[in-house]
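Observations on the model geometry
Residues per chain are reported as follows:
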Amino acid sequence: ALRYQLSVPQRALQASAVLRRVSDEQHKEPLASSSQQQFDSHPTDQQPEQESQGPRPSYTGQGGQESEDYESEEQLQHRILTAALEFVPEHGWTAEAIAEGAKTLGLSAASAGMFQNDGSELILHFVSQCNTKLTELLEQEQKQVQLGEAEKKPLDQFLRDAVQARLRMLIPYIEKWPQALSILLLPHNIPASLNLLTSMIDDIWHYAGDQSTDFNWYTRRAVLTGVYNTTELVMMQDSSPDFEDTWRFLENRVADAMNMGNTANQVQSTGEALVQGLMGAAVTIKNLTGLNQSR
Amino acid sequence: MNDSMTLGIHRVWKDILVHKMNPSPGTLLLDVAGGTGDIAFRFINYVRSVRERQLQRKLRHHQNLSWQEIAESYQEDKSKSLGDSQVVVCDINKEMLKVGKQRAQHLGYTEGLSWVLGNAEELPFDDDKFDVYTIAFGIRNVTRIDLALQEAYRVLKPGGRFLCLEFSHVSNPLLSSLYDLYSFQVIPVLGEVIAGDWKSYQYLVESIRRFPPQEELKAMIEDAGFLKVDYQNLNSGIVAIHSGFKL
């Protein structure tokens, strides 16, 4: 976890206006889930302004120790981006949305300057947040199956439900999502967005019970990535109630993917049969021409 | 004189500074040592165009309103062409401020400007007031840079941004020797010919050389308490924009 070390010399009152004492929020868990905690606790923050400008504990020369408990810059950035999501339907994935988000936390709109102007970081943050939510959802479901509270789903239904759950998270932002997709495809964003996509697909397969270590690993991921991406695109221009058309499309694609496995096997066994036939024909010809007799 | 020394590029540098700032309507800017108003005017232009775009977008969303309602909304928006943005120009030199006020009148800037006499090492403002603090080609002339930085930190709101545009060090050796040649041979001559003042421009060039380089200034800004401090070199280091946030 990244901890911001304030390596400044002794000063009587180095009061950082906004970085909060994370220990106040029972922070002992790893970074990802603690950020989640802060996300969840944020809506209950009644008076962000008072909080950020209230009296701060002063450093007593033990800068190293005390700074451990303070929120790092990264965590503050996460908080701002999460607050900014609320303004995306109105302002799009832009610096303006980030500025509005910062304002709700009691910060000046100028702090949006910390992020790039094209809104990439906001989108990547959102995608990463969605992936984390999906992983938690799948983890919960797995626990329920292990405890015997729920039945293990057949593979095609599992994949369908996972992809649907993940795509449903886009619904509040669906109007501005095409804009986000195009920004994610910009060259300087591709490494990050590709990374997020592949790790999400990985997670889904992991919880689906995939333990392959052979070439199947690649084919499975490629297939599911294709299913996810095409369904996402269909969702962009779907106007049916509750996106029924999209879910039907998804069902068909997953069914195709299942059949693909069968087709592959069929091709293989046909190929084997063909090869055996050819071998047999070759042996027959050898016999006929007398080459097979050992003298 | 600025134009002839920098071949007009100083305008581009100042434009880049305001673009980097990307101010939204409603921003309160403190421009220190900006007596002649260059940064202030650019800020106002920028905010005005952002505000116009905002209003246009709002209008597009309200195309189902009646024409009466649209006309009424013009009235209330007209009075907020800057969207409550304000610039306070602070300078230690009264003459510079006078020149700035005259330029403002001449160029037609009527609202959103305030002119205050003040010392960067001891600003006459209260704590936590401004969204952005800029100092363009002024911090070089401050005796105690650390005090100026501390004052900047004090008057900025939480989340506020510090921006400093200043001559800095060129690391590229070829460019550096060309730059030195130009600075020491050409600029004082220009000073003598155009302004009749060799000594001042000799001093100018020497003070640029003695100013701390990028990394050192970055460290000083961090010492004052700013976070996410970064710098951007313009023209390979002839000029650098340092940026920090009060978080």
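The rules behind these values
- Residues numbered from 1 in each chain as written.
- Chains lettered and ligands numbered in written order.
- Predicted model: local features only at pLDDT ≥ 70, side-chain atom pairs only at ≥ 80, totals over all residues.
- Heavy atoms only, no water.
- Helix = DSSP H or I, 4+ residues; strand = E, 2+ residues; numbered from the N terminus.
- Buried < 20%, exposed > 50% of the residue type's maximum accessible area, 1.4 Å probe, protein only.
- Areas by Shrake-Rupley, 256 points an atom, 1.4 Å probe, with all protein chains shown as cover.
- Salt bridge = Lys/Arg side-chain N within 4 Å of Asp/Glu carboxyl O.
- UniProt positions renumbered as here; feature names shortened; annotations may be inferred.
- Expected span 1.5 Å × (residues − 1).
- Arc of directions from axis to C-beta.
- Axes fitted to C-alpha atoms, helices over the stretch in contact; angles between N-to-C directions.
- Parallel < 35°, antiparallel > 145°, perpendicular 65-115°, else oblique.
- Contact = heavy atoms within 4.5 Å.
- Nonpolar A, V, L, I, M, F, W, Y, C, P; charged D, E, K, R; others polar.
- Core = buried A, V, L, I, M, F, W, Y, C linked by side-chain atoms within 4.5 Å.
- Domains from an automatic or database assignment.
- Pairing = 2+ DSSP bridges.
- Phe/Tyr/Trp six-rings, centres within 6.5 Å; stacked < 30°, edge-to-face > 60°.
- Patch = residues over 30% accessible without salt bridge, like charges linked within 9 Å, V, L, I, M, F, W, Y side chains within 5 Å.

**Here we look at the overall build of chain B**
Along its length, chain B carries 9 helices and 7 strands. In terms of its C-alpha atoms, chain B occupies a principal-axis envelope of roughly 65 × 40 × 35 Å. A total of 247 residues make up chain B; the buried ones form 47% of that total. Carbon together with sulfur atoms contributes 52% to the accessible area of chain B, which is approximately 12,500 Å² in total.

**Considering the pattern of salt bridges**
Two side chains bearing opposite charge may form a pair once their charged atoms approach each other closely. Evaluation of the coordinates by the stated rule reveals 20 salt bridges over all chains. In this structure, the salt-bridge partner of Glu-141 of chain A is Lys-153 of chain A, at a minimum N-O distance of 3.6 Å. With Glu-141 of chain A in helix 7 (residues 120-146) and Lys-153 of chain A in the loop between helix 7 and helix 8 (155-168), the pair connects residues that are 12 residues apart, well separated along the chain. A residue is classified by how much of its surface remains accessible, and Lys-153 of chain A, at 25% relative accessible area, is partly exposed. Between Lys-14 of chain B and Asp-38 of chain B there is a salt bridge, with its nearest N and O atoms 2.8 Å apart. Of the two residues, Lys-14 of chain B is situated in helix 2 (residues 9-21) and Asp-38 of chain B in helix 3 (residues 38-61); the sequence distance between them amounts to 24 residues. You'll find Lys-14 of chain B and Asp-38 of chain B in the same group, each marked buried. Taken together, the salt bridges that share partners define one network made up of Glu-141, Lys-153 and Asp-161 of chain A.

**Quick notes on the UniProt feature "domain: Ubiquinone biosynthesis protein COQ9 HTH" (unreviewed entry) in chain A**
The feature "domain: Ubiquinone biosynthesis protein COQ9 HTH" (unreviewed entry), as given by UniProt, occupies residues 73-103 of chain A in the numbering adopted here. Across residues 73-103 of chain A one finds 84% helix and 0% strand; the C-alpha atoms that close the span lie 17 Å apart.

**Some points on helix 8 of chain A**
Residue and element names in this part refer to chain A. For helix 8, built from 14 residues, the straight-helix expectation of 20 Å at 1.5 Å per residue is met to within 8% by its first-to-last C-alpha distance of 20 Å. Listing the buried residues of helix 8 in full gives Phe-158, Leu-159, Ala-162, Val-163, Arg-166 and Leu-167. Seen from one end, helix 8 has its buried residues packed into an arc of 155 degrees, which puts them on one side.

**Side note on the packing of helix 4 (residues 73-85) of chain A against helix 7 of chain A**
Geometrically, a packed helix pair is captured by the angle between its two axes and the distance between the axes. Residues and elements named next belong to chain A. Interhelical geometry of helix 4 versus helix 7 gives an angle of 90 degrees and a closest axis separation of 10 Å. When the axes of helix 4 and helix 7 are compared, the pair comes out roughly perpendicular. Residues His-78, Leu-81, Thr-82, Ala-84 and Leu-85 of helix 4 form the contact with helix 7, whose own contacting residues are Glu-121, Leu-122, His-125, Phe-126 and Gln-129. Tallied by class, residues from the contact of helix 4 with helix 7 come to 5 nonpolar, 4 polar and 1 charged.

**Section: the UniProt feature "binding site: S-adenosyl-L-methionine" (unreviewed entry) in chain B**
All names here are of chain B. With numbering matched to this structure, UniProt assigns "binding site: S-adenosyl-L-methionine" (unreviewed entry) to Thr-36, Asp-91, Asn-119 and Ala-120. For Thr-36, the position within the fold is in the loop between strand 1 (28-32) and helix 3. When near neighbours in sequence (up to four residues on either side) are disregarded, Thr-36 contacts Phe-41, Met-96, Val-99, Gly-100 and Arg-103. Within the fold, Ala-120 resides in the loop between strand 3 (113-117) and strand 4 (130-136).

**Considering the nonpolar core**
Core analysis: the largest hydrophobic core is formed by 61 residues, its most contacted members being Ile-80, Trp-93, Leu-122, Trp-177 and Ile-204 of chain A. Elements supplying a minimum of two residues to this core: helix 4, helix 6 (95-104), helix 7, helix 8, helix 9 (177-184), helix 10 (190-208), helix 11 (216-236) and helix 12 (244-289) of chain A. Here this core spans two domains, since at least three of its residues come from each of domain 1 (72-117) and domain 2 (119-264) of chain A. Setting aside residues no more than four positions away along its own chain, Leu-122 of chain A makes contact with Leu-81, Ala-84, Leu-85, Val-88, Trp-93, Thr-94, Ala-97 and Ile-98 of chain A. Ile-39, Ala-104, Tyr-109 and Tyr-179 of chain B belong to the second largest nonpolar core, which has 40 residues in total.

**Describing the sheet that holds strand 6 (residues 227-234) of chain B**
Residues and elements named next belong to chain B. The strand order across the open sheet built from 7 strands is 3-2-1-4-5-7-6, with neighbouring strands paired in mixed fashion. Among the strands making up the open sheet, the edge pair consists of strand 3 and strand 6. Adjacent strand axes in the sheet meet at a mean angle of 15 degrees, parallel and antiparallel pairs treated alike. Two elements, strand 1 and strand 2 (residues 86-91), share 5 bridges in a ladder whose sense is parallel. Residue pairing across strands places Leu-29 opposite Val-87, the latter belonging to strand 2.

**Description of the packing of aromatic side chains**
Evaluation of the coordinates by the stated rule reveals 14 aromatic pairs over all chains. Where Trp-93 of chain A meets Phe-126 of chain A, the ring centres are 5.4 Å apart and the plane angle is 45 degrees; that geometry is what we call tilted. Placement of the pair is Trp-93 of chain A in the loop between helix 5 (88-91) and helix 6 and Phe-126 of chain A in helix 7, with a sequence separation of 33 residues. Looking at Phe-126 of chain A, the relative accessible area reads 4%, which means it is buried. Residues Phe-41 of chain B and Tyr-109 of chain B carry aromatic rings whose centres are separated by 4.5 Å and whose planes lie at 5 degrees to one another, so their mutual orientation is stacked.

**A look at the UniProt feature "domain: COQ9 C-terminal" (unreviewed entry) in chain A**
In the numbering adopted here, UniProt assigns the feature "domain: COQ9 C-terminal" (unreviewed entry) to residues 190-261 of chain A. As a span, residues 190-261 of chain A carries 81% helix and 0% strand, and end to end its C-alpha atoms are 30 Å apart.

**Some words on a nonpolar patch on the surface**
Residue and element names in this part refer to chain B. There is a patch of nonpolar side chains on the surface, built from Val-189, Val-193, Ile-194 and Trp-198 and spanning about 380 Å² of accessible area. Among the elements that make up the nonpolar patch, the one with the highest residue count is helix 7 (residues 173-195) (3 residues). Looking at where Val-189 falls in the secondary structure, it is placed in helix 7. For Val-189, a relative accessible area of 37% gives the class partly exposed.

**Observations regarding the pairing of strand 6 of chain B**
Bridge count between strand 6 of chain B and strand 7 (residues 239-245) of chain B: 6 bridges; the pairing is antiparallel. Paired with Asp-230 of chain B across the two strands is Ser-243 of chain B, which belongs to strand 7 of chain B.

**With respect to unusual backbone geometry**
Residues and elements named next belong to chain B. One non-glycine residue, Leu-7, adopts positive backbone phi at about 55 degrees. By the element assignment, Leu-7 lies in the loop between helix 1 (2-6) and helix 2. Residue classification places Leu-7 among the exposed residues on the basis of a relative accessible area of 67%. Positive phi outside glycine occurs at Phe-137, with the angle close to 55 degrees. As for its placement among the helices and strands, Phe-137 is situated in the loop between strand 4 and helix 6 (145-155).

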